[in-house]
Amino acid sequence: RRVAAKKPINTTMSLKQTADLGFAGIIAGSFLLSLAILPGIADVALETIGIAYTLYFTYNYLLFEESREDFKNTLEDLESSTGVDIPAIFDSAIGAVSSITDKVSTFSSKTSYP
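First, a word on scope: everything that follows refers to the structure included in this document.

Thresholds, definitions, all that
- Residues numbered from 1 in each chain as written.
- Predicted model: local features only at pLDDT ≥ 70, side-chain atom pairs only at ≥ 80, totals over all residues.
- Heavy atoms only, no water.
- Helix = DSSP H or I, 4+ residues; strand = E, 2+ residues; numbered from the N terminus.
- Expected span 1.5 Å × (residues − 1).
- Patch = residues over 30% accessible without salt bridge, like charges linked within 9 Å, V, L, I, M, F, W, Y side chains within 5 Å.
- Areas by Shrake-Rupley, 256 points an atom, 1.4 Å probe, with all protein chains shown as cover.
- Salt bridge = Lys/Arg side-chain N within 4 Å of Asp/Glu carboxyl O.
- Lys, Arg positive; Asp, Glu negative; His and termini not counted.
- Charge placed at Lys NZ, Arg CZ, Asp CG, Glu CD.
- Buried < 20%, exposed > 50% of the residue type's maximum accessible area, 1.4 Å probe, protein only.
- Phe/Tyr/Trp six-rings, centres within 6.5 Å; stacked < 30°, edge-to-face > 60°.

**Here's the deal with helix α2 (residues 65-82)**
And then number 1: Across its 18 residues, α2 extends 26 Å between first and last C-alpha, which sits within 8% of the 26 Å expected from 1.5 Å per residue.
And then number 2: Gly83, located one to two residues past α2, shows a positive phi value of around 85°.

Put into structure tokens, the structure is as follows:
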């Protein structure tokens, strides 16, 4: 007994249309793989940008005496225009961190293990 050959599902598409759909599938797959890799790349990129900005800020505002004075004047102008005292906020944050650090070090030095 002879079995008739099955007809292809879609015979209305030309070879070019099929190739175009295959190419679009490859592009879509590459895009999805890129999205999967993106968080790792973004992490490295953002860290690099942060380091670069820190170096830029240090060089432009903290390295030389006259630039430190300009930065101090900028902070004073900001305080006079907004009422926000940034050096006081910084000092209180540093005080809070040092207080917590002191408490933790005191607590950890008293702990003894059997």
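Now that the structure is up, let's keep going.
**Here's the deal with a negative patch on the surface**
And then number 1: Together, Glu66, Glu69, Asp70, Glu76, Asp77 and Glu79 line one region of the surface with negative charge.
And then number 2: By secondary structure assignment, the location of Glu79 is in helix α2.
And then number 3: Residue class for Glu79 comes out partly exposed when judged on its relative accessible area of 33%.

**Some remarks on a nonpolar patch on the surface**
And then number 1: On the surface, Phe31, Leu32, Leu35, Ile37, Leu38 and Ile41 cluster together into a nonpolar patch covering about 610 Å² of accessible area.
And then number 2: On the secondary structure map, Leu38 appears in helix α1 (residues 15-62).
And then number 3: For Leu38, a relative accessible area of 46% translates into the label partly exposed.

**A word on the packing of aromatic side chains**
And then number 1: Evaluation of the coordinates by the stated rule reveals 6 aromatic pairs.
And then number 2: Between Tyr53 and Tyr56, the ring centres sit 5.8 Å apart and the planes meet at 40°, which makes this aromatic pair tilted. Residue Tyr53 and its partner Tyr56 are located together in helix α1, separated by 3 residues, close to a single helical turn.
And then number 3: What makes Tyr56 partly exposed here is its relative accessible area of 43%.
And then number 4: Counting every residue linked through ring pairs, the aromatic cluster contains Tyr53, Tyr56, Phe57, Tyr61 and Phe71.

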